[in-house]
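Results of the structural survey
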Amino acid sequence: MAIVLILGFTAVPMDGMMLGRFVFGGFLLIVGLTIFLLGVDLGIQPMGERCGAELTKKRNLVLLVGVAFVIGFMVTVAEPDIQVFGDQVRSVFSHVNKLSLVVIIAVGVGLFIMIGLLRTVMNLSIKLTLLIAYAVLFAVAFFVPNEFVGVAFDSGGATTGPMTVPFILALGLGVSSVRSDDKSSFGLTGVTSVGPVMAVLIYSLFVAGGGSGAAASVTAANVTAVDTLPTAVTQGFFAPFSAAMPGIVLESLLSISPLVLMLIVFQLTLLKMSARQIIRVIIGLVYSFAGLLLFLCGVQGGFMPAGKELGMVLGAKAATLGGGWFALLICTGLVLGAIVVCAEPAVWVLTEQVEQVSSGTIRRKVLLVFLAAGAAAAIGLALWRAVEGFSLKFILVPGYIVAMLLMIFSPPLFTGIAFDSGGVASGPITSTFVLSFTLGASKSAGGSTDAFGVIALVAMMPLIAIQLLGIIYQRKKSKKGGAQDA
């Protein structure tokens, strides 16, 4: 908020009402995030852990993976980020059916949750699993039109939102706890993130209409989406918030209702929780609903419009004047990337779980620093690409090659955490504020033919950053052990 306000009053003058909405939206975001995380701790995470533990105790592999698929499918269909993402894709590619896309993504999540849990139960190597998955992924991506590669990889980041991640993490932790190996739970989110990307890549082979037509649609959609922004300034102060509220209420209800349904079904068939435990979970779900409502209201009512406005002004000046303005655009992206990742709800859920499982050895602050560095680099690259318009593959392919090579030297625990972090770093704020900022910059700089890929880059960079942290951690641990032996 401080960065945007400083720019809004100095280098990038912005409308006072818009800045006021931005501050009010930030207040809603802070309060909503606090309440949401409290609800996750009270209801969502304990229910996921109990489900994973009870399913594993049944010693029925078919039951485990079958229920895991259903959970993954239902939670993904209800994920607010996916609903928003589906609308964005539909506005750009008119021949894509939103419902079909959401179902395809949910199927991909369900299938790869099954694969991830099988890996945990069978104690397979996380490195080998990820290596095979991404090798197949890029083999398929080779045949997909360039403009749909960004959509596919963005879907992997958009899937792992504020509802999906806590449940996936808790489910994996519950399964691994029965095996007395909590550390094996890490990597489930990373494996799951491959599913929607693979599903959308395969889906695009059947629906992609060709490069030129898709490119024209992207440009037209970007112009329309960004050009509608200034009209909101003339409305009343609370108009954007009140206009967005009905949709947000519906999205939040859709996010919570599948979890309520699963609570009822699992309580009758699997969990058998006490009345006190049920009340605690229900309270947690209510908190999660209220927090998500405030969180999304703040983001959509204040953060998205400010992001578009800021991106438009900086992008226009960078394109026309170049030099220092281009540097300011990139530096703004670097700073925003570092800050925004710390505001993602799922990041805090993951980092807290990592600190608990490692008994404080891997500290949350260190993880956040490396995640912030990775996200900063990702946003900087995304803005460079938005201005220049080069292919996303020029960044993704070398980036994932580096990530795969680092797997050789990084400890398996950090590899699992890295690929989990890649999924959780790209959540609701990245899908709203950062994407809006980049779209604004792209449109003002001439309109890139590929509007997607920002979320994909934010999801990719933590794979490199966290594995580098693992290599540093391992070397320090080896030196310490050697010194003690001596």
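Reading guide: rules and limits
Residues numbered from 1 in each chain as written. Predicted model: local features only at pLDDT ≥ 70, side-chain atom pairs only at ≥ 80, totals over all residues. Heavy atoms only, no water. 1 Å grid on protein atoms, 1.4 Å probe; cavity = no way out; pocket = protein on both sides within 12 Å on 5 of 7 lines; lining within 4 Å. Points joined across faces, edges and corners; volume = space filled by probe spheres on them. Helix = DSSP H or I, 4+ residues; strand = E, 2+ residues; numbered from the N terminus. Nonpolar A, V, L, I, M, F, W, Y, C, P; charged D, E, K, R; others polar. Core = buried A, V, L, I, M, F, W, Y, C linked by side-chain atoms within 4.5 Å. Buried < 20%, exposed > 50% of the residue type's maximum accessible area, 1.4 Å probe, protein only. Contact = heavy atoms within 4.5 Å. Patch = residues over 30% accessible without salt bridge, like charges linked within 9 Å, V, L, I, M, F, W, Y side chains within 5 Å. Areas by Shrake-Rupley, 256 points an atom, 1.4 Å probe, with all protein chains shown as cover. Salt bridge = Lys/Arg side-chain N within 4 Å of Asp/Glu carboxyl O. Phe/Tyr/Trp six-rings, centres within 6.5 Å; stacked < 30°, edge-to-face > 60°. Expected span 1.5 Å × (residues − 1). Bend = angle between axes of the 7 residues up to and from the residue. Polar contact = N/O pair within 3.5 Å; in protein donor to acceptor, adjacent residues only side chain to side chain. Axes fitted to C-alpha atoms, helices over the stretch in contact; angles between N-to-C directions. Parallel < 35°, antiparallel > 145°, perpendicular 65-115°, else oblique. Left-handed = near helix turned anticlockwise from the far one by under 90°.

1. Description of the layout of surface pockets
- Taken as a whole, the second largest pocket holds about 250 Å³ of empty space.
- What lines the second largest pocket is a set of 16 residues, among which Met1, Phe303, Ile339, Val340 and Ala343 lie closest to the centre.
- Broken down by secondary-structure element, the contributors of at least two residues to the lining of the second largest pocket are helix H1 (2-9), helix H2 (16-57), helix H13 (324-340) and helix H18 (428-444).
- If one sorts the elements of the lining of the second largest pocket by residue count, H2 sits on top with 5 residues.
- Broken down by class, the residue content of the lining of the second largest pocket amounts to 15 nonpolar, 1 polar and no charged.

2. Some remarks on the nonpolar core
- In this structure, Leu310, Leu396 and Phe433 are the most contacted members of the largest nonpolar core, which totals 141 residues.
- Ignoring anything within four residues of it in the chain, the contact list for Leu310 reads Val4, Leu7, Val12, Met14, Leu336 and Phe437.

3. Things to note about a nonpolar patch on the surface
- A surface patch of nonpolar side chains, about 510 Å² in accessible area, is lined by Leu38, Ile279, Ile282, Ile283, Val286 and Tyr287.
- Its place among the elements puts Ile279 in helix H12 (residues 275-321).

4. Focus on unusual backbone geometry
- Its identity is not glycine, yet Asn123 carries a phi of approximately 55°, on the positive side.
- Taking relative accessible area as the criterion, Asn123 reaches 52% and is therefore assigned exposed.
- Positioned with a positive phi, Lys272 is a non-glycine residue whose angle comes to about 55°.
- For Lys272, the position within the fold is in the loop between helix H11 (239-271) and H12.

5. Observations regarding the packing of aromatic side chains
- For the coordinates displayed, the defined rule picks out 13 aromatic pairs.
- Ring centres of Phe142 and Phe143 lie 5.4 Å apart, and the angle between their planes is 90°; on these two criteria the pair is classed as edge-to-face.
- A centroid spacing of 4.9 Å and a plane angle of 80° characterise the contact between Phe237 and Phe238, whose relative ring orientation is edge-to-face.
- An aromatic cluster is defined as three or more aromatic residues linked by ring pairs; in this entry it consists of Tyr134, Phe138, Phe153, Tyr400 and Phe419.

6. Examining H11
- For H11, which comprises 33 residues, the first-to-last C-alpha distance of 45 Å matches the rise-based estimate of 48 Å (1.5 Å per residue) to within 8%.
- Along H11, the helix axis deviates most sharply at Met245, where the bend reaches about 40°; the proline Pro246 sits within four residues downstream.
- In the stretch just after H11, Lys272 is the one whose phi turns positive, near 55°.

7. Focus: the side chain of Gln267
- Its place among the elements puts Gln267 in helix H11.
- With relative accessibility at 16%, the residue Gln267 sits in the buried group.
- Among the polar contacts made by the side chain of Gln267, one reaches the main-chain amide nitrogen of Met273 at a distance of 2.8 Å.
- With residues near it in sequence (within four places) discarded, Gln267 still touches Met262, Lys272, Met273 and Ile278.

8. A few points about helix H15 (residues 364-388)
- Taking 1.5 Å per residue as the helical rise, H15 with its 25 residues ought to reach 36 Å, and the 36 Å between its terminal C-alpha atoms agrees with that figure.
- Where H15 terminates, the next one or two residues include Gly389, which has phi positive at roughly 80°.

9. Quick look at the environment of Leu63
- In this structure, Leu63 sits in helix H3 (residues 61-78).
- Using a relative accessible area of 34% as the deciding quantity, one classes Leu63 as partly exposed.

10. Here we look at empty space enclosed by the protein
- Taken as a whole and assessed by the stated rule, the structure comprises 5 cavities of 30 Å³ or more.
- Considered as a void within the structure, the largest cavity measures approximately 120 Å³ in volume.
- Every element with two or more residues in the lining of the largest cavity is listed here: helix H6 (126-141), helix H7 (146-159), helix H9 (188-207), helix H17 (412-424) and helix H19 (454-485).
- When residues of the lining of the largest cavity are assigned to their parent elements, the largest contribution, 4 residues, is made by H9.
- Of the residues assigned to the lining of the largest cavity, the class counts are 9 nonpolar, 6 polar and no charged.

11. Some points on the packing of H2 against H12
- Axis separation between H2 and H12 bottoms out at 5 Å; the angle between their running directions is 150°. With respect to their mutual orientation, H2 and H12 come out roughly antiparallel. Classified by chirality, the crossing of H12 by H2 is left-handed.
- Taken together, the residues that form the contact of H2 with H12 break down as 26 nonpolar, 12 polar and 4 charged.

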